[in-house]
Number of protein chains: 2
Amino acid sequence: MKSDIGMLKAIVGESDVSDELADLYVYSSDASVHQALPSVVVRPKTIEEVQQVMRYANGNRVPVIARGAGSGMSGHAVPIDGGIVLDMKRMNRILEIKPEDILCKVEVGVVNDELNRVLKPYGFFFPPTPSSGNICTIGGMIGTNASGNRAVKYGATRDSVLGLKVVLANGDLVKLGSNTRTDASGYQLARLMVGSEGTLGIVVEATLLLSPLPKYRAMGIANFDKLEDAGRAISDIISTGITPSMLELMDSVAITAVNRALNLGLPDVAAIVIFECDGMVKESVGHDIANIRKTCERHNGSGITVSDDPKEMARIYEGRKKLFPSLSRYGEGLVSTPLADDMAVPMSKIADCVQEIHKVAKRNNVIMSAYGHCGSGLIHTKIMMDPTKESQWEDAKRAVTEIYEYVYKIGGTTSGEHGIALSKAPSWKVEKKDSLEMMRAIKRALDPHNILNPHKLMDAPDDWTKATALRYNVRRG
Amino acid sequence: MKSDIGMLKAIVGESDVSDELADLYVYSSDASVHQALPSVVVRPKTIEEVQQVMRYANGNRVPVIARGAGSGMSGHAVPIDGGIVLDMKRMNRILEIKPEDILCKVEVGVVNDELNRVLKPYGFFFPPTPSSGNICTIGGMIGTNASGNRAVKYGATRDSVLGLKVVLANGDLVKLGSNTRTDASGYQLARLMVGSEGTLGIVVEATLLLSPLPKYRAMGIANFDKLEDAGRAISDIISTGITPSMLELMDSVAITAVNRALNLGLPDVAAIVIFECDGMVKESVGHDIANIRKTCERHNGSGITVSDDPKEMARIYEGRKKLFPSLSRYGEGLVSTPLADDMAVPMSKIADCVQEIHKVAKRNNVIMSAYGHCGSGLIHTKIMMDPTKESQWEDAKRAVTEIYEYVYKIGGTTSGEHGIALSKAPSWKVEKKDSLEMMRAIKRALDPHNILNPHKLMDAPDDWTKATALRYNVRRG
């Protein structure tokens, strides 16, 4: 790799290339369980630099792994085979904001919340809201088709991507998509790039469809003694024509986690459902919230509170908001790992799936919570385990496999918003078994030397616990 | 081809294969200007039959052109190189309707309006609304990413396709996408298939996201003496957070056409804008309609009428509804041809583009109207010309080229909802010049023998007037 370093420094400049071990270590992991050292870290500032890096890498068969904030949960940014980690965070300019065309153009290193901060005075926002919004980049969101708690109303990243500029494996720059919401101009390649996890090209710029900021918002919370009732309420709310801007579930494990960590005093019930509506007309928002309340009541929801007061809404959402960090403090010696973490299932199967998750966890000696954006069919789970014990990784592996077998049986899919990469790939390959060859054919066509984020998705190892080192001190035996 | 016929009859049965000239003639054209005879017409009834036909065709290098209703405007279903036209209309079963999961599963030969008739009692609809809805099939809509006048609120076909079953060129059956709205499970291949115009696979089944039927609807109409005012009103309506369910424009040529054909007495103005709002709450719909009215007034709209009375709404929409057939009766000896017919432009550029269309028409000796779903940036045009004169085809060709040059200059794209195929391909290849090789690589990867709807899109001839015979009696010279 030594000869590479000089070439790369000639392209992006001395200070934006590093193969110092301290730097490589920083770039060796993301928010997943995986860890592997890159050979070198490169921080391009322009499209031309990205093109030159790709030409060099393609000619020399060096893997290139594009990286945003490194907040991915499945190992997207982990350089399983070494090579160049391309840190895209320096390409962080907001290039154009065109309220009259309801779009903006950005470089992919722009951070999601920062974009929304800049858009606010224009009366618009970019709707996807991953909970890592304060750090995650638009590029990373495109790579995984990120969504978040408002996807139930506003869709996922792919629904707001109009066009992309992409540097291909050979360094060619292509413009995909358009500036218009309506687009039937042949192959929808911008949409193919969304969710391709850096394996088909390096996305460098994006044209994003904006949404007008809603003027009014109201929120509510309901407790359910039976998970089935919560599940039926969720399915009913969605299918009767109300489109909440948020519809979240917390199961009993999630409730316990928040109470233990924060002493919030949430009720000891099977499930809590939190709902929000937004819009331009106060009466309409009020009408929708009242309707959801009635639906919750009809399905034996209790302790229902609704409010449009900002403070009260913050209080309602507090437990859900702090759930993710709370899970890490669930029990002494337990760590919350992002495994099997974001399946999506048909709306009517949410309660069944949550119950099955609890059963699978129990018989595999791990603790699992289920929560998330149920209004769009998404269930988040985390596995709380002792990561220092090798046997717990075997437990986790069995649990993941069993949960996904169930998810596929009920018509669900592996990932709703975090993507596949390494830790979800073995199960996902079972789900997608008949189209893996098709994906490989497309990958070969666009990246014949397999340099773009290799060994992910359809080419990932079959045992995720052995795909890379695990970023925990696992005591063998 | 004779030996093929026997093989094909063995696959789908004697009565579902024909090479009679009368049949071939019926399948030689669609709603475009193009015409070319297929070698044989095959009407499969099952996925297995499609797979066997593809295996046979792939082995023998016979082109296969999937066909829905043949209502495509650009030549998608015209078998430019002969081969098998695969009439998908017999695969017309609605397989499942799952209101609890807000989805349905259909074979692709199902007609759009028929699907909506069946969905209505469940309280749902499939939102794309092409004006050919009474004949067009779900498969054809997927092939072109069809949308229609409600795309401004409900999106295009791709936004409502969750999953697909597709038979690949080699006969393999693949399941793409999922049953869930939220999907980050790797490559978004179902979305790649949408809009690929039968060149990457034969779509046989689709899982469709449904929308709840709105309970209330209101409509309005406004006249504008200046096109710019209408354009500003449209851009303003969209960017201030109101989402109309329809926002349509008719220019002066369109108004004249309707008045001549139907004697409707529409006012002699530069533009008419028709708007509709729908929703679950009467007050909210009323609020939105009132707001749009105010926006039209602010931009010098006159004669504004709004109503939620079904009869009055039908009257408001009558001119727009009958515009397409009216254009064919615009003038003695003139025929309305679907050329340059559905560009999409950034919202703020609609008025400029309509004015340019008029200028281009004038200097090229043709008459062009501009109308359409401006709320989503779509402009429909038709060229009214004497199709028996060879010189008029040269006029039309110049006009099409010049209009698209302008469309690209203002950031627009070739097709908003009808697709590319043959007659839009030469200009579209200019728009997409830097990604044509990428498309060809994907096409080769999935269809190495180039049997799926060959010579369309990136492989279409460079002169659309000579791509096939024209389906008019053109007197040479």
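Predicted model only: the values in this text are computed from it and were never measured.

How each quantity is defined
- Residues numbered from 1 in each chain as written.
- Chains lettered and ligands numbered in written order.
- Predicted model: local features only at pLDDT ≥ 70, side-chain atom pairs only at ≥ 80, totals over all residues.
- Heavy atoms only, no water.
- Least-squares fit on C-alpha atoms with pLDDT ≥ 70 in both.
- Contact = heavy atoms within 4.5 Å.
- Domains from an automatic or database assignment.
- Buried area = accessible area lost by both parts, 1.4 Å probe.
- Salt bridge = Lys/Arg side-chain N within 4 Å of Asp/Glu carboxyl O.
- Polar contact = N/O pair within 3.5 Å; in protein donor to acceptor, adjacent residues only side chain to side chain.
- Helix = DSSP H or I, 4+ residues; strand = E, 2+ residues; numbered from the N terminus.
- Nonpolar A, V, L, I, M, F, W, Y, C, P; charged D, E, K, R; others polar.
- Buried < 20%, exposed > 50% of the residue type's maximum accessible area, 1.4 Å probe, protein only.
- Axes fitted to C-alpha atoms, helices over the stretch in contact; angles between N-to-C directions.
- Parallel < 35°, antiparallel > 145°, perpendicular 65-115°, else oblique.
- Left-handed = near helix turned anticlockwise from the far one by under 90°.
- Pairing = 2+ DSSP bridges.

Colleague: Is there a simple way to think about the relation of the copies chain B and chain A in this case?
Modeller: Both copies of the chain are tied together by a single rotation about an axis and a shift running along it. For the match of chain B to chain A, the screw axis carries a shift of 0.0 Å, the RMSD comes to 0.0 Å, and the turn is 180°. The two molecules are tied by a two-fold rotation axis, judged by turn and shift. Looking at chain B, 100% of its interface residues are interface residues in chain A too, so the copies touch through the same face.

Colleague: What exactly am I supposed to notice about the domain arrangement of chain A here?
Modeller: Interfaces are frequently sized by the accessible area removed from exposure as the parts join. All names here are of chain A. What the domain assignment reports for chain A is domain 1 (1-213), domain 2 (216-326) and domain 3 (331-470). Placing the centre of domain 1 and that of domain 3 at their C-alpha centroids yields a distance of 23 Å. Each partner contributes residues to the interface: domain 1 has 39 residues there, and domain 3 has 36 residues. Here domain 1 and domain 3 share an interface that buries about 3000 Å² over both sides, 63% of which is from carbon and sulfur atoms. Remark: the boundary between domain 1 and domain 3 carries zero salt bridges. The tally of links between domain 1 and domain 3 comes to 22 residue pairs in polar contact (both at pLDDT 80 or more). Where the side of domain 1 that touches domain 3 is concerned, the elements lending two or more residues are strand E2 (34-35), helix H3 (47-60), strand E4 (64-67) and helix H6 (151-154). It is H3 that provides the largest number of residues to the side of domain 1 that touches domain 3, a total of three residues. For the side of domain 1 that touches domain 3, the per-class residue count stands at 20 nonpolar, 16 polar and three charged.

Colleague: Please clarify how unusual backbone geometry should be interpreted in this entry.
Modeller: Phi at Ala421(A) takes a positive value of approximately 45°, unusual for a residue other than glycine. Relative to the helices and strands, Ala421(A) is located in the loop between helix H15 (390-409) and helix H16 (425-431). Judged by its relative accessible area of 0%, Ala421(A) falls in the buried class. Notably, Leu457(B) is not glycine yet its phi reads approximately 50°, a positive angle. The class for Leu457(B) is buried, based on a relative accessible area of 0%.

Colleague: What should I look at first to understand the packing of helix H14 (residues 350-363) of chain A against H15(A) in this one?
Modeller: A pair of packed helices is captured by two measures, namely the crossing angle of their axes and the spacing between those axes. All names here are of chain A. Across the interface, H14 lies against H15 with an axial gap of 9 Å and an inter-helix angle of 155°. By the angle class used here, H14 and H15 are roughly antiparallel. Seen along the crossing, H14 lies across H15 with a hand that is right-handed. Residues Asp352, Cys353, Glu356, Ile357, Val360 and Arg363 of H14 form the contact with H15, whose participating residues are Ala399, Glu402, Ile403, Tyr406 and Val407. A breakdown of the residues in the contact of H14 with H15 according to their chemical character gives seven nonpolar, no polar and four charged.

Colleague: Teacher, can you tell me more about the interface of chain B and chain A here?
Modeller: On the chain A side, the residues contacting the 83 residues of chain B number 83 residues. Counting the surface lost from both chain B and chain A, the interface buries some 6300 Å², and carbon and sulfur atoms represent 59% of this. At the junction of chain B with chain A, the criterion picks out zero salt bridges. Run the count over chain B and chain A and you get 39 residue pairs in polar contact (both at pLDDT 80 or more). Counting only elements with at least two residues in the side of chain B that touches chain A, the list comes to helix H6 (151-154), helix H7 (157-160), strand E10 (173-177), helix H8 (189-193), helix H9 (227-239), helix H11 (282-298), helix H16 (425-431) and helix H17 (436-446) of chain B. Counting residues per element, the side of chain B that touches chain A draws most heavily on H17(B), which supplies seven residues. Among the residues making up the side of chain B that touches chain A, the classes are represented as 36 nonpolar, 31 polar and 16 charged.

Colleague: Help me understand the sheet that holds strand E11 (residues 202-209) of chain A in this model?
Modeller: All names here are of chain A. Reading across from one edge, E6-E7-E11-E9-E10 is the order of the five strands in this open sheet, with antiparallel pairing throughout. With one partner strand each, in any of the chains shown, strand E6 (94-98) and strand E10 (173-177) form the two edges of the open sheet. Each strand of the sheet is rotated relative to its neighbour by a mean of 10°, with strand direction disregarded. Pairing geometry for strand E7 (residues 103-107) and E11, over five bridges, is antiparallel. Looking at the pairing, leucine 103 lines up with leucine 209 of E11. The strands that helix H4 (residues 112-119) touches are E6, E7 and E11; relative to E6, the one it contacts most, it runs at about 40°.

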